[in-house]
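# Observations on the three-dimensional arrangement
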Protein chains: 2
Amino acid sequence: MKNKRIGIIGAGPSGLAQIRAFEALQNQGYAMPEIICFEKQDNWGGMWNYTWRTGVGKYGEPLHGSMYKYLWSNGPKECLEFSDYSFDEHFKKPISSYPPRPVLFDYIQGRIKKSNAREYIRFNTTARWVSFDEDTQKFTVILDDLKIDKTYSEEFDFLVVASGHFSTPNMPYFKGIENFPGTVIHAHDFRGADQFKDLNILLIGSSYSAEDIGVQCYKHGAKSVTLSYRSNPIGIEWPDGIKELPLVTHFEGDKAYFKDGTTEQYDAVIMCTGYKHKFPFLPDELRLKTKNNLYPDNLYKGIFFNDLPQLIYLGMQDQYYTFNMFDTQAWVARDFMMDRLQLPSPAERRIDMDKWLERNDQLQTSHENVDFQTDYIKDLLSMSDYPHFNLDEVARMFKEWLQDKEDDILTYRDKTFRSVVTGTMAKPHHTDWMDELDDTKERYLFEAEEEEMIPEKM
Amino acid sequence: MKNKRIGIIGAGPSGLAQIRAFEALQNQGYAMPEIICFEKQDNWGGMWNYTWRTGVGKYGEPLHGSMYKYLWSNGPKECLEFSDYSFDEHFKKPISSYPPRPVLFDYIQGRIKKSNAREYIRFNTTARWVSFDEDTQKFTVILDDLKIDKTYSEEFDFLVVASGHFSTPNMPYFKGIENFPGTVIHAHDFRGADQFKDLNILLIGSSYSAEDIGVQCYKHGAKSVTLSYRSNPIGIEWPDGIKELPLVTHFEGDKAYFKDGTTEQYDAVIMCTGYKHKFPFLPDELRLKTKNNLYPDNLYKGIFFNDLPQLIYLGMQDQYYTFNMFDTQAWVARDFMMDRLQLPSPAERRIDMDKWLERNDQLQTSHENVDFQTDYIKDLLSMSDYPHFNLDEVARMFKEWLQDKEDDILTYRDKTFRSVVTGTMAKPHHTDWMDELDDTKERYLFEAEEEEMIPEKM
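Residues numbered from 1 in each chain as written. Chains lettered and ligands numbered in written order. Predicted model: local features only at pLDDT ≥ 70, side-chain atom pairs only at ≥ 80, totals over all residues. Heavy atoms only, no water.

Under an unreviewed UniProt entry, the name given to chain A is Trimethylamine monooxygenase, and the organism recorded is Kaistella carnis. Per UniProt, chain A has the following entry under Cofactor (unreviewed entry): "FAD". According to the UniProt record, the Sequence similarities (unreviewed entry) comment for chain A reads "Belongs to the FMO family." (UniProt positions renumbered as here; feature names shortened; annotations may be inferred.)

## Some points on the relation of the copies chain A and chain B
You can overlay chain A on chain B at an RMSD of 0.0 Å; the transform is a turn of 180 degrees with a shift of 0.0 Å along its axis. In the structure described here, the two chain copies are related by an operation that fits a two-fold rotation axis. Rotation axis and chain A: the residue whose C-alpha lies nearest the axis is G55 of chain A, separated from it by 1.8 Å. Both copies share a contact surface, since 100% of the interface residues of chain A are interface residues in chain B too. (Least-squares fit on C-alpha atoms with pLDDT ≥ 70 in both. Contact = heavy atoms within 4.5 Å.)

## Some words on the sheet that holds strand β4 (residues 125-133) of chain A
Residues and elements named next belong to chain A. In space, the three strands of this open sheet follow the order β4-β5-β6, with antiparallel pairing throughout. Each edge of the open sheet carries a strand with a single partner, namely β4 and β6 (150-156). Looking at each pair of strands side by side, their axes are set apart by 20 degrees on average, direction ignored. (Pairing = 2+ DSSP bridges. Helix = DSSP H or I, 4+ residues; strand = E, 2+ residues; numbered from the N terminus. Axes fitted to C-alpha atoms, helices over the stretch in contact; angles between N-to-C directions.)

## Examining the pairing of strand β14 (residues 255-258) of chain B
Residue and element names in this part refer to chain B. Taking every second residue as pointing to the same face, the buried face of β14 carries A256 and F258, while none of K255 and Y257 on the other face is buried. Strand direction decides the pairing type here: strand β13 (residues 248-252) and β14, joined by four bridges, are antiparallel. Residue pairing across strands places F251 opposite A256, the latter belonging to β14. What sits between β13 and β14 in their antiparallel hairpin is a turn of two residues, with G253 showing a positive phi close to 55 degrees. The sheet contact formed by β14 and strand β15 (residues 263-265) spans three bridges and is antiparallel. Looking across to β15, one finds that K255 is bridged to Q265. (Buried < 20%, exposed > 50% of the residue type's maximum accessible area, 1.4 Å probe, protein only.)

## Overview of the pattern of salt bridges
Residues and elements named next belong to chain A. Enumeration over the complete set of coordinates arrives at 70 salt bridges over all chains. We note a salt bridge from D212 to R413, for which the minimum N-O separation is 2.7 Å. Taken as a pair, D212 in helix α4 (residues 208-219) and R413 in the loop between α8 (391-407) and α9 (441-445) lie far apart in primary sequence, 201 residues in all. One exposure class covers both D212 and R413, and it is buried. Put simply, R334 and D385 hold a salt bridge, and the shortest N to O gap is 2.9 Å. Taken together, the positions of R334 in helix α5 (residues 323-337) and D385 in the loop between α7 (366-381) and α8 put the pair 51 residues apart, joining distant regions of the chain. For R334, a relative accessible area of 0% puts it in the buried group. (Salt bridge = Lys/Arg side-chain N within 4 Å of Asp/Glu carboxyl O.)

## Side note on the environment of I108 of chain B
Residue and element names in this part refer to chain B. Along the chain, I108 falls in helix α3 (residues 101-113). Between the C-alpha atoms of I108 and E61, which are 47 residues apart in sequence, the distance is 24 Å. Sequence-distant contacts of I108, that is, excluding residues within four places in its chain, are made with P13, L16, W48, F82 and F323.

## A closer look at a negative patch on the surface
Residue and element names in this part refer to chain A. A surface patch of like charges, here negative, comprises D133, E134, D135 and E155. Along the chain, E134 turns up in the loop between β4 and β5 (138-145). Under the relative-accessibility criterion, E134 is labelled exposed at 57%. (Patch = residues over 30% accessible without salt bridge, like charges linked within 9 Å, V, L, I, M, F, W, Y side chains within 5 Å. Areas by Shrake-Rupley, 256 points an atom, 1.4 Å probe, with all protein chains shown as cover. Lys, Arg positive; Asp, Glu negative; His and termini not counted. Charge placed at Lys NZ, Arg CZ, Asp CG, Glu CD.)

## Some words on the interface of chain A and chain B
Contacts between the two partners involve 46 residues from chain A, matched on the other side by 46 residues from chain B. Note on chain A versus chain B: buried area summed over both sides is about 3600 Å², and carbon and sulfur give 50% of it. When the buried surface of chain A facing chain B is broken down by residue, W52, W129 and D149 of chain A rank first, second and third, together holding 17% of it. If you look at where chain A meets chain B, you find eight salt bridges. One salt bridge in this structure joins D149 of chain B and R287 of chain A, with 2.6 Å as the shortest N-O distance. Where chain A meets chain B, there are 24 residue pairs in polar contact (both at pLDDT 80 or more). Mapped onto the side of chain A that touches chain B, the elements with two or more residues apiece are β4, β5, β6, β8 (168-169) and β9 (183-186) of chain A. (Buried area = accessible area lost by both parts, 1.4 Å probe. Polar contact = N/O pair within 3.5 Å; in protein donor to acceptor, adjacent residues only side chain to side chain.)

## Considerations on the side chain of S96 of chain A
Following the sequence through the fold, S96 of chain A ends up in the loop between α2 (87-91) and α3 (101-113). Judged by relative accessible area, which is 5%, S96 of chain A ranks as buried.

## Quick word on the side chain of S224 of chain A
All names here are of chain A. Among the secondary structure elements, S224 is positioned in strand β11 (residues 224-229). Look at S224 and you get buried, because its relative accessible area is 18%. A polar side-chain atom of S224 sits 2.8 Å from a polar atom in the side chain of N200. Beyond its immediate stretch of four places on either side in the chain, S224 contacts L199, N200, I201 and G241.

## Some remarks on α3 of chain B
Compared with an ideal rise of 1.5 Å per residue, which puts 13 residues at 18 Å, α3 of chain B spans 18 Å between its outermost C-alpha atoms and is within 8% of the ideal. Taking burial as the measure, the 13 residues of α3 of chain B include twelve buried ones, the bulk of the element. (Expected span 1.5 Å × (residues − 1).)

## Side note on the environment of Q137 of chain B
All names here are of chain B. Position of Q137 relative to the elements: it lies in the loop between β4 (125-133) and β5 (138-145). Linking Q137 and Q310, residues 173 residues apart in sequence, is a C-alpha distance of 9.0 Å. With residues up to four places along the chain from it excluded, the contact list for Q137 reads F132, D157 and Q310. Within polar-contact distance, the side chain of Q137 engages the backbone oxygen of E134 at 2.8 Å.

## Let's talk about the packing of α5 of chain A against α7 of chain A
Residues and elements named next belong to chain A. It is at 9 Å that the axes of α5 and α7 come closest, and there the two elements cross at 35 degrees. Crossing of α5 over α7 shows left-handed handedness. Here M325, T328, Q329 and V332 of α5 lie close against α7, whose contacting residues are Q373, Y376, I377, L380 and L381. Of the residues belonging to the contact of α5 with α7, the class tally is six nonpolar, three polar and no charged. (Left-handed = near helix turned anticlockwise from the far one by under 90°. Nonpolar A, V, L, I, M, F, W, Y, C, P; charged D, E, K, R; others polar.)

## So, helix α1 (residues 13-26) of chain B
With 14 residues, α1 of chain B extends 20 Å from end C-alpha to end C-alpha; this agrees with the ideal 20 Å at 1.5 Å per step. In terms of residue burial, α1 of chain B counts as a mostly covered element, since 13 of its 14 residues are buried.

## Points about the confidence of the model for chain A
Put simply, chain A has an average pLDDT of 95, and 97% of its residues get 70 or more. Confidence metrics for the complex model read pTM 0.96 and ipTM 0.94. (pLDDT = per-residue confidence, 0-100.)

## Quick notes on the sheet that holds β13 of chain B
All names here are of chain B. Across the sheet, three strands lie side by side as β13-β14-β15; this open sheet has antiparallel pairing. With one partner strand each, in any of the chains shown, β13 and β15 form the two edges of the open sheet. For this sheet, the mean inter-axis angle between neighbouring strands, taken without regard to orientation, is 25 degrees.

Next comes the structure, spelled out in structure tokens:
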């Protein structure tokens, strides 16, 4: 096995999970294959590695990061906990269920810093082009070392695509938008609510981005927030200052016209219109072509490219589960690459995919979505030795979270949940989320007693 | 010759000049070689094809366009006039010397619409990767048809890189910028001054972008404009409301600290910190690696890649001359590709380049810069049958323009110049530039008499 070469594209949660999966096996005494992970950014963490930049990065590559200042987890941390590295192990004390981004980034790093992961990763390196040779059954990947402006190639037996799918903005055109006088950006380039203080902002979209950016802007002082939906409103009871309207039909100057005949004036437009799966480095016959959904077609077990299973995609699903789903995928992928798992024939794989796709097509409610992804992960868990965890309880927590959001979008982050990994009950954050304007790790980890002694912040 | 295949990357002014050059020869009775031009955008015009988008385009590719609403030519149109297609021929009447972007775009299109250029161009197509085979002496270019998500390859005997170099932002980090609460963008993503109305804005940079964006924002109602320079200020007499300060050292919240000890509060930061030459589709040994200057090294006659002269770069210089320089380059490149021009040996080419580089190194004043580029174009003109024009007079106009800007940055666009192609004197625009807030072609081309009958605009 030692001479098998494995290429991983991306060192975010999925790529790191893949490295970690191999290391877990190494800890059991197995030899490591040769692994090289290529990361476009200058650090690991993928989406969780915050950048102040927008558009393109330092070296002119399309920017990976879509996160923003004051981003707090929008689901309970107990639903994404690594089953082999608990929050207790990392923080040594109970913390709240909805930590801010820097705290979750710290947790992701905690697990991987214990290992030699960094030595497998080439940072500031982007994959330019991949080809697959039928004769040698090897992938050739052309890489670009952005820092020294040098291109070169590497050969691999397996290629793991872990480059994410929340980085390429889907940004539809609306008539007149080119003459809108204020800021027009995609959620991908939203970096914080401050610049929208005292403004009337229009968010186009009705998914997580719209919901969360809308609430953040409300919290940080926007004058008004309008969410414009294509098919269905989010439909919860919004506080005064946030409302939903049907889809924008067009703009005239700073006025937006909506399907229901409403017209309103805005200072800024943020398009929360989703992301595209994009793999510019792959020939199109190796590209996963899919919309964002819970079961992209052509991926056996959600990871093996059916036409060529040595090509593995991690984390390409729409996500309730995140870190722990990437882990279960990476462990299964590892076992295939290490010859510990045989795949059935392409035809049998097709039958298995079709079964999932059929169920996926019939999903109607968010509870059904949660159950679908729960069952998908159960299936993966049964295939590897990734430490089991109580998935039914996690599914229950997801459903409770959905209800909490519906009950009150402004306070759901003050709720607490119990870890299925350690049994630890989360501790409420020292400050109600709506009153907490500081998202730093330092502020978050202060004990309440200490906090009382801190002088007032500006 | 018919079977020679020529690939052109980019259908902006340079790529279009190349097509036009071949067509000019065809009009003389020569056969056209096989030409395919690949354009990432959905229309031709390159930088002049305005987009409301920022960051990445419709298909997630880094955005080409850096232009903005209310962009007016910042040099006299008489300095960029095609010598084979005059402004008179296009507009049928004298127009002013500083037209707005849509008017110049119309002019660029006018010449090319007379031809069959469009049939050579594949729009929405980006070059992913180029390789060169020493044995066959052919380039293989892997293309990505963005609209249908399909990759394929083409072989060429010559490859013309005309993809521009004002698209990849150079965006340095300043300590604390990640916590600046307001908008932080590069000039590349600036789309108009309206959103900066009543704000205090900081522009980092002292080149054309900073000067022009600063003046535009001033004109359209910014509360104050500060330009921060690294080495030297622009140093002209600014109107009240615009000022220059030395380089920012760091930010704290919304406060910028400057080298001279000044501290000021800002609402927005626009980085006018220039662009990088970037060719992600080329292996690094074929990449032009240069800063933005008047004579990039390793390009014989400023166009032929010295290590492999079948690889041709157009328009890679810093620019006083623009459209007419691209034309003179494209005509020379054409003659080489058509076997009408032989290049000297690599060593002789090296000597020629060194001569120019040496002079380039000694340039000190902007007048010397103008003379340098004038002489460079004279050299090119002597090598092909591109219609000659009075370059000394154009150089004189450039120098007058430089003086006009120094005299009054707010009124220099009201001056007029005489065409060296037709002898026509420009006609002053019906409205002083500072009072003209509408940059549409329709408004621009109205006759003064008509204009008096237009009702007041909002």
